[in-house]
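Fold and geometry: a report
One letter stands for each residue in the lines below.
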Amino acid sequence: MLDYMNMKKLVSYGVRAGMITSDDETWAVNQLLDVLGIDSYEEPEDIDDGIDLPSVLNALCDCALETGALKENSIVYRDLFDTKLMGAITPMPSEIRRKFYALYEQNPQAATDWYYKFSQDTNYIRRDRIAKDVKWVAPTEYGELDITINLSKPEKDPKAIAAAKLMPQASYPKCLLCRENEGYAGRVNHPARQNHRIIPVTINDSAWFMQYSPYVYYNEHCIVFNSQHTPMKIEPATFRKLLDFVKQFPHYFVGSNADLPIVGGSILAHDHFQGGHYDFAMAKAPMETPLTFAGFDHVEAGIVKWPMSVIRLRSADDDALVELGAKILAAWRGYTDEAAFVFAETDGEPHNTITPIARQRDGKFELDLVLRNNITTEEYPLGVYHPHAELHHIKKENIGLIEVMGLAVLPARLKEELALLADALVQGADIRADERIAKHADWAEELKTRYTFTSDNVMDIVQKEVGVVFSKVLEHAGVFKRDENGKQAFLQFIDSVS
């Protein structure tokens, strides 16, 4: 059945969202006809005021199945197709950049507010999927940690997986971050991006771009990426780039994943940062141990009260932060303290690096330097400074920038597992006998010694205790532990900075 009504709704949506104007309506209808494989159109009667974009796109995908424009009825193929539909009514990159920088001249926040809304209106950020993520805040001794169970990334279906295996190796775009993704049609093993627009920015006199993450783990979760496909590298220039960015966007923070496996991000092959308009628990954490560095009397410095090993530098002079940050980085790269089990390298493999985060606050620049080490042992094959096995029932994945700052991105399996566990705790069921939640049995037994569970309180308790587990995850990732020996070892490292 030819779905003229939903074609009209999609065009009307584009007008209402400001993506196109009423002058573009006939053109937009013809673009959609082409995508849908239809060569005629009948203007439908007036449409309802309420337009639900996911429902409209879903209906047009069903229409495309009938016309043959959509070959397979699975989530991967439907995502590729509905992005093509949205691309047909998404303005050209040059228009978006003109609009962004016209707003930027008035106010940087006005520009990012508009761009963030635009990135949602185009369905590049799928509001309906983001809304499925489970989120809560958990009180801990380090402040309120953010917890999210990620449900917005679609699972790949068997047909798409099989088709991807048969495809020749592709090198365009080189990765998911490359600028060439803008407008790319996608394939079964690479998302479509016809509705994606990126904003050029200049940091440290080099060409970079800004976009939003399609999975927005926090408010205005942006990605700032190098215009060239070049590997991640933490170096003094990194600090300059981060501070240049927050100069231009003072309402945003920005940080970089570390540049080594285990302690780095998921994409080490393309230099990039992540930022946004959000205050994480780590940013709110106070400096608990004041520090001084010779020659930097105008830089306020201290160890942050945080489960990981964090040095905070604060000054109105951003050049001083870059210079002192470079000294700390150089000292840490080569630092070994066998008593604290810190080794700069083993068998020629480097282990020490830094996860840096920059922000502006109260008229001054801040640079947080999180000390990282990726050494592995037979006892800890995934990493000594990585969540250990007793915490893997909640979090096994690497601890990247987002987790470092205090947001746990937890696997989708936990939505069902925590609900089942809560029921079992209330009913007194045998948790070890249920293979779906047996991995949580030791944890549950310990919780039973401290709580009496009822149907009214069980989920609140479970969520609170997940936050406690996450705080332990961060403690495991901390190089210098928060006991007296660890504090002394941390200060010993500080003394080595020259």
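In this report, the structure presented in the accompanying data block is examined. As a convention, each chain's residues are numbered from 1 in the sequence order in which they are written. Only residues with pLDDT of at least 70 are given local features in this predicted model, and only at 80 or more are side-chain atom pairs given and counted; all residues enter the totals for whole chains, interfaces and linings. With hydrogens and water set aside, each side-chain value is computed from the structure's full complement of heavy atoms.

The secondary structure listing takes helices from DSSP runs of H or I that are at least 4 residues long and strands from runs of E that are at least 2 residues long, numbered from the N terminus. A tally of helices and strands in the chain yields 16 helices and 15 strands. Computed over its C-alpha atoms, the radius of gyration of the chain comes to 25 Å, within 12% of the 23 Å expected for a compact globule of 498 residues. Buried residues are those whose accessible area, probed at 1.4 Å on protein chains only, stays under 20% of the maximum for their type, while exposed residues exceed 50% and partly exposed ones sit between those limits. Residue burial in the chain is summarised as follows: out of 498 residues, 55% are buried. Long-range contacts, defined here as pairs at least 24 residues apart, represent 64% of the contacts in the chain between residues at least 6 apart. Accessible surface area values rest on a Shrake-Rupley calculation with a 1.4 Å probe, where residue burial reflects the displayed protein chains alone. Summed over all atoms, the accessible surface of the chain reaches about 22,100 Å², with 49% contributed by carbon and sulfur. Think of it this way: Lys and Arg go in the positive column, Asp and Glu in the negative one, and His and the chain ends go nowhere. A single reference atom marks each charge: NZ on Lys, CZ on Arg, CG on Asp, CD on Glu. Taking the average place of the 52 positive charges on the side chains of the chain and the average place of its 74 negative ones, the gap between the two points comes to 1 Å. We take the radius of gyration over the C-alpha atoms and set the globule estimate at 2.2 Å times the residue count to the 0.38 power. The criterion used for residue contact is that any of the two residues' heavy atoms lie within 4.5 Å.

Any two of the Phe, Tyr and Trp rings considered here, Trp counted by its six-membered ring, make a pair once their centres fall within 6.5 Å; the pair's planes then place it as stacked at under 30 degrees, edge-to-face at over 60, or tilted in between. Per the stated rule, a full pass over the model turns up 27 aromatic pairs. Here Tyr218 and Tyr278 contribute two aromatic rings whose centre-to-centre distance is 6.1 Å and whose plane-to-plane angle is 35 degrees, an arrangement assigned as tilted. Taken together, the residues span a long stretch of sequence, with Tyr218 in the loop between strand 4 (206-212) and strand 5 (222-226) and Tyr278 in the loop between strand 7 (272-276) and helix 10 (281-284) at a distance of 60 residues. Its relative accessible area of 4% is what places Tyr218 among the buried residues. Between the aromatic rings of Tyr218 and Phe280, the centroid separation amounts to 4.9 Å while the plane-to-plane angle is 80 degrees, which identifies the pairing as edge-to-face.

Let us now look at the nonpolar core. We call a set of buried Ala, Val, Leu, Ile, Met, Phe, Trp, Tyr and Cys residues a nonpolar core when their side-chain atoms join them within 4.5 Å. Judged by nonpolar contacts, the single largest core of 65 residues is most densely connected at Val224, Phe245, Phe293, Leu313, Ile328 and Phe493. For this core, the leading source of residues is helix 11 (residues 318-333), giving eight residues. Sequence-distant contacts of Val224, that is, excluding residues within four places in its chain, are made with Val201, Ile203, Trp208, Phe209, Met210, Phe245, Val254, His272 and Phe273. In terms of nonpolar packing, the next biggest core, distinct from the first, is built from 53 residues, Ile147, Val304, Val370 and Leu421 among them.

The next thing to look at is the sheet that holds strand 14 (residues 364-373). What the ten strands build is an open sheet, ordered 3-4-5-7-6-13-14-10-9-8; its pairing is antiparallel. Edge positions in the sheet fall to strand 3 (199-203) and strand 8 (287-291), since each has one partner strand and no second. Between one strand axis and the next, the sheet turns by 25 degrees as a mean value, whatever way the strands run. One requirement defines pairing of two strands: DSSP has to find at least two bridges between them. Both strand 4 and strand 5 contribute to a ladder of five bridges, which runs antiparallel. When the sheet's bridge partners are listed, Phe209 is paired in strand 5 with Phe225. The sheet strands contacting helix 11 are strand 10 (310-315), strand 13 (352-361) and strand 14, and the helix crosses strand 14 at an angle near 10 degrees. With axes taken as lines fitted to C-alpha atoms, and helix axes fitted only over the stretch in contact, angles between N-to-C directions fall between 0 and 180 degrees.

Ordered by their spatial adjacency, three strands build an open sheet running 1-2-15, and the pairing between neighbours is mixed. A strand with exactly one partner marks an edge of an open sheet, and here the two such strands are strand 1 (134-140) and strand 15 (407-410). Across this sheet, the average inter-strand angle for adjacent strands is 20 degrees, counted without regard to direction. Inspection of the sheet shows strand 2 (residues 143-149) paired to strand 15 by four bridges, in the parallel sense.

Further remarks concern the side chain of His386. In this structure, His386 sits in the loop between strand 14 and helix 12 (401-404). Taking the relative accessible area as the measure of exposure, His386 reaches 2% and is therefore buried. We define a polar contact as two N or O atoms separated by no more than 3.5 Å, with the added condition that, inside protein, one atom must be a possible hydrogen donor and the other a possible acceptor, whereas residues neighbouring each other in sequence contribute only through side-chain atom pairs. One polar contact links the side chain of His386 to the main-chain carbonyl oxygen of Lys396, over a distance of 2.9 Å. His386 has contacts with Ile262, His392, Lys396, Glu397, Asn398, His476 and Ala477, leaving out every residue within four places of it along the chain.

Quick look at the state of the cysteines now. The definition used for a disulfide is geometric: two cysteine sulfur atoms within 2.5 Å. Inspection of every chain in the model, using the stated rule, returns zero disulfides. Here Cys178 stays unpaired: no disulfide links it, and the sulfur of Cys175, its closest cysteine neighbor, is 3.7 Å away. Lacking any disulfide linkage, Cys222 is separated from the closest cysteine sulfur, that of Cys175, by 17 Å. Residue classification places Cys222 among the buried residues on the basis of a relative accessible area of 0%.

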